[in-house]
Amino acid sequence: MSMENTIADRRFTLDRAELIRRLRALLPAHALLAEEEDMRPYDCDGLTAYRQLPLLVALPESEAQVQGILKVCHELQAPVVARGAATGLSGGATPHPDGVLMSLAKLKRIVSVDPVSRSAVVQPGVRNLAVSEAAAPYGLYYAPDPSSQIACTIGGNVAENAGGVHCLKYGLTVHNVLRIRAVTIAGEIVEFGNAALDAPGYDLLALLNGSEGLLAVITEVTVRLTPKPELAQVVIASFADVRRAGDAVASIIAAGIIPAGLEMMDRKAIHAVEPYVNAGYDMEAEAILLCESDGTPEEVAEEIGRMTAVLEESGAAGIRVSQNEAERLKFWAGRKAAFPAVGRLTPDYLCMDGTIPRKRLAEMLDAIAVLSTKYALRCANVFHAGDGNLHPLIMYDANQAGELERAAAFGAEILELSVRFGGTITGEHGVGIEKIMLMAEQFTIAEIDAFHRVKAAFDERGLLNPGKGVPTLARCREYTQARVGSVATLPRL
């Protein structure tokens, strides 16, 4: 992947001094950063392999300031990239070299929590976990729980349609958002959805979820809150063979069981996590499954029994059930710490995000093993197995010549295989710059043209987060021509 082929594919000619003058008239002095040392912390998101300084960094403190910034940028035709906590892993918040990086971190107020309607109104800079903390006194919580929930923000969750370990039963962000208030690039305040279960007209609320900052800048979100279950327990099943573990996932769903969470980790991930967290994982296993049941004690007991029976029939070498809440949280702490745990073992890693049908999990694991040998790079696998969302962690050293390029090629082949297996190139991390050319693997030229037309309906000048999410038609044609015949290089399965 080349930076020149992504965010900087389109250049903008701006009078920087005029842009600074206009924005300083709107913002306090501390809320506009123009010096390189001040802007350096904003040069990337969680995809740290690719960095770019913006032209300016704006730190609005209110919706009115967001609106003013966008009006100025629209008038001067300056690109704008919205940023939350920058925990995203696809480069969606990578700045544009000719534009304004707008951080929404200061819009962090929980406006209200309504236990009667089971909803909360929050600004985009509110942390995911903070919503659950605010709702806890009412016996409620916010169900989507990405691994970065202690740091990631609701605005970013909506932009990427984040999921988490409990999304199988409780849904992604899109299933837990009732209303979005946002500002268009022209400075118009718009609202999508409402507090009711339905809204008139087209479902533009769903369109904004996962739109990666391409359509509007989010300033307020109404989220759905979920009652805390009376009881939750986790079953940990160990397998001596990764294929059996993958097949067990499909068997659980085929049995009509929808666990609250269904996660999978392979041997490399287990050996990274256990010394880091001491979660009690089986270090002899080739793979483990974490299967959670929640509800009333009677419901949990019945479902745990059914899951245990399926796991035994699937060849589980060992099965344990959490005996109390502390042990349940310890089991989950290991899974949620997988990313930082792997970070202790390697200078750098890329986290992929393809999604495949559950019945193909075992095949994908075999294919990743083949690719690991092909590219001579280690790969630890952690999956939201219940919904087929893959998170292979490809380990490399950016200081070693060619390793980043090999890691990117490794990841691209995993995503190409995801499409071949009937899945998608992203489940929850978004396209950003990381997967932008792989959009041509997933979609036809006509479909990508339709995406551009939707973008133009919101942002005719293409100023919001340019170079992200959807490639230009010219780039798609170049990619398609270059790919002719290259499928033969993929593992034969």
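Just so it is clear, the model here is predicted, and its values are computed rather than measured.

### Focus: the overall build of the protein chain
Okay, step 1: For the protein chain, the count of helices and strands is 17 helices and 18 strands.
Okay, step 2: Computed over C-alpha atoms, the radius of gyration of the protein chain comes to 23 Å, within 12% of the 23 Å expected from 2.2 N^0.38 for 493 residues, which places it in the range of a compact globule.
Okay, step 3: Per-residue burial over the protein chain gives 56% buried out of 493 residues.
Okay, step 4: Contacts in the protein chain between residues at least 24 apart in sequence constitute 73% of all its contacts with a sequence separation of at least 6.
Okay, step 5: As displayed, the protein chain offers around 19800 Å² of accessible surface, 52% of which is attributable to carbon and sulfur atoms.
Okay, step 6: For the protein chain, the separation between the mean place of its 47 positive charges and that of its 61 negative charges on side chains is 3 Å.

### Thoughts on the sheet that holds strand β10 (residues 217-224)
Okay, step 1: Reading across from one edge, β5-β6-β10-β8-β9 is the order of the 5 strands in this open sheet, with antiparallel pairing throughout. Single-partner strands in this sheet number two, and they are β5 (110-114) and β9 (189-193). With direction set aside, neighbouring strand axes in the sheet form an average angle of 10 degrees.
Okay, step 2: Pairing geometry for strand β6 (residues 119-122) and β10, over 4 bridges, is antiparallel. If you follow Ala120 over to β10, its bridge partner there is Val223.
Okay, step 3: Across the sheet, helix α4 (residues 128-135) lies against β5, β6 and β10, angled at about 45 degrees from β5, the strand it touches most.

### What about the packing of helix α8 (residues 242-254) against helix α13 (residues 361-375)?
Okay, step 1: At a minimum axis distance of 7 Å, the contact between α8 and α13 shows a crossing angle of 150 degrees. Relative to α13, the element α8 lies roughly antiparallel. In this structure, α8 uses Val242, Arg243, Gly246, Asp247 and Val249 to contact α13, whose residues at the interface are Leu361, Ala362, Glu363, Leu365 and Asp366.
Okay, step 2: A breakdown of the residues in the contact of α8 with α13 according to their chemical character gives 5 nonpolar, 1 polar and 4 charged.

### A look at the environment of Gly388
Okay, step 1: Structurally, Gly388 can be placed in the loop between β17 (379-384) and β18 (389-396).
Okay, step 2: Residues Gly388 and Ile356 lie 32 residues apart in sequence; the distance between their C-alpha atoms is 5.0 Å.
Okay, step 3: With sequence-adjacent residues up to four places away left out, Gly388 is seen in contact with Gly354, Thr355, Ile356 and Arg358.

### Structural notes on a nonpolar patch on the surface
Okay, step 1: There is a patch of nonpolar side chains on the surface, built from Tyr202, Leu204, Leu207 and Val454 and spanning about 390 Å² of accessible area.
Okay, step 2: Along the chain, Val454 falls in helix α16 (residues 445-458).

### Comments concerning the confidence of the model for the protein chain
Okay, step 1: Mean pLDDT over the protein chain stands at 94; residues scoring 70 or higher make up 97%.
Okay, step 2: The low-confidence segment residues 1-5, where pLDDT is below 50, has 11 contacts with residues more than four positions distant or belonging to other chains.

### Re the pairing of β5
Okay, step 1: Sheet topology note: the β5/β6 ladder contains 4 bridges and is antiparallel. Its bridge partner lying in β6, Ser112 is registered against Val121.
Okay, step 2: In textbook terms, the turn of a hairpin is the stretch between consecutive antiparallel strands, and for β5 and β6 this stretch comprises 4 residues, one of which, Arg118, has a positive phi near 55 degrees.

### Some points on unusual backbone geometry
Negative phi values dominate among residues other than glycine, just as trans dominates among peptide bonds.
Okay, step 1: Its identity is not glycine, yet Gln77 carries a phi of approximately 55 degrees, on the positive side.
Okay, step 2: When you line up the elements, Gln77 lands in the loop between α3 (63-76) and β3 (80-83).
Okay, step 3: The phi dihedral of Asn465 is positive, around 50 degrees, even though this residue is not glycine.
Okay, step 4: Residue class for Asn465 comes out buried when judged on its relative accessible area of 1%.

### Topic: the sheet that holds strand β4 (residues 100-103)
Okay, step 1: With mixed pairing, the 4 strands of this open sheet are ordered in space as β1-β2-β4-β3. In the strand order of this sheet, the two ends are held by β1 (32-33) and β3, each with one partner.
Okay, step 2: Pairing of β3 with β4, which is carried by 4 bridges, proceeds in the parallel orientation. Bridge assignment links Val80 to a residue of β4, and that residue is Val100.

### Thoughts on the side chain of Arg328
Okay, step 1: Looking at the element boundaries, Arg328 is found in helix α11 (residues 325-336).
Okay, step 2: Here Arg328 falls in the buried class, since its relative accessible area comes to 12%.
Okay, step 3: The contact partners of Arg328, leaving out residues within four places of it in the chain, are Ala232, Gln233, Val234, Glu292 and Ser322.

### Let's talk about helix α17 (residues 473-483)
Okay, step 1: What α17 keeps buried is the set Arg475, Cys476, Tyr479 and Arg483. The buried residues of α17 occupy an angular sector of 100 degrees when the element is viewed end-on, so they sit on one face.
Okay, step 2: Where α17 is buried, its residues meet α14 (403-420), α15 (439-442) and α16.

### Points about the state of the cysteines
Note: disulfide means a covalent bond formed between the sulfur atoms of two cysteine side chains.
Okay, step 1: On inspection of all chains with the given rule, the structure shows 0 disulfides.
Okay, step 2: With no disulfide of its own, Cys167 lies 13 Å from the sulfur of Cys152, the closest cysteine sulfur.

### With respect to helix α10 (residues 297-313)
Okay, step 1: Taking 1.5 Å of rise per residue, 17 residues should cover 24 Å, and α10 covers 24 Å from first to last C-alpha, within 8% of that figure.
Okay, step 2: Along α10, the residues that are buried comprise Val300, Glu303, Ile304, Met307, Thr308, Val310 and Leu311. For α10, the arc enclosing every buried residue in end-on projection is 165 degrees, short of the 170-degree limit, so these residues lie on one face. Those residues of α10 that are exposed and angled more than 90 degrees off the buried face are Glu298, Ala301, Glu312 and Glu313.
Okay, step 3: Elements in contact with the buried residues of α10: β12 (231-239), α8, β14 (287-295) and β15 (318-321).
Okay, step 4: Gly315 occupies a position one or two residues after α10 and carries a positive phi of about 95 degrees.

### Some points on the packing of aromatic side chains
Okay, step 1: Applying the stated criterion across every chain, the model contains 4 aromatic pairs.
Okay, step 2: The ring centre of Phe421 lies 4.3 Å from the NZ or CZ of Arg360, which sits over that ring.

### Concerning the pattern of salt bridges
Okay, step 1: For the structure shown, the criterion picks out 27 salt bridges.
Okay, step 2: In this structure, Arg40 and Asp43 form a salt bridge, with 3.3 Å as the shortest nitrogen-oxygen distance.

Conventions we followed
- Residues numbered from 1 in each chain as written.
- Predicted model: local features only at pLDDT ≥ 70, side-chain atom pairs only at ≥ 80, totals over all residues.
- Heavy atoms only, no water.
- Helix = DSSP H or I, 4+ residues; strand = E, 2+ residues; numbered from the N terminus.
- Rg over C-alpha atoms; globule rule 2.2 N^0.38 Å.
- Buried < 20%, exposed > 50% of the residue type's maximum accessible area, 1.4 Å probe, protein only.
- Contact = heavy atoms within 4.5 Å.
- Areas by Shrake-Rupley, 256 points an atom, 1.4 Å probe, with all protein chains shown as cover.
- Lys, Arg positive; Asp, Glu negative; His and termini not counted.
- Charge placed at Lys NZ, Arg CZ, Asp CG, Glu CD.
- Pairing = 2+ DSSP bridges.
- Axes fitted to C-alpha atoms, helices over the stretch in contact; angles between N-to-C directions.
- Parallel < 35°, antiparallel > 145°, perpendicular 65-115°, else oblique.
- Nonpolar A, V, L, I, M, F, W, Y, C, P; charged D, E, K, R; others polar.
- Patch = residues over 30% accessible without salt bridge, like charges linked within 9 Å, V, L, I, M, F, W, Y side chains within 5 Å.
- Salt bridge = Lys/Arg side-chain N within 4 Å of Asp/Glu carboxyl O.
- pLDDT = per-residue confidence, 0-100.
- Arc of directions from axis to C-beta.
- Disulfide = S-S within 2.5 Å.
- Expected span 1.5 Å × (residues − 1).
- Phe/Tyr/Trp six-rings, centres within 6.5 Å; stacked < 30°, edge-to-face > 60°.
- Lys NZ or Arg CZ within 6 Å of the ring centre and 35° of its normal.

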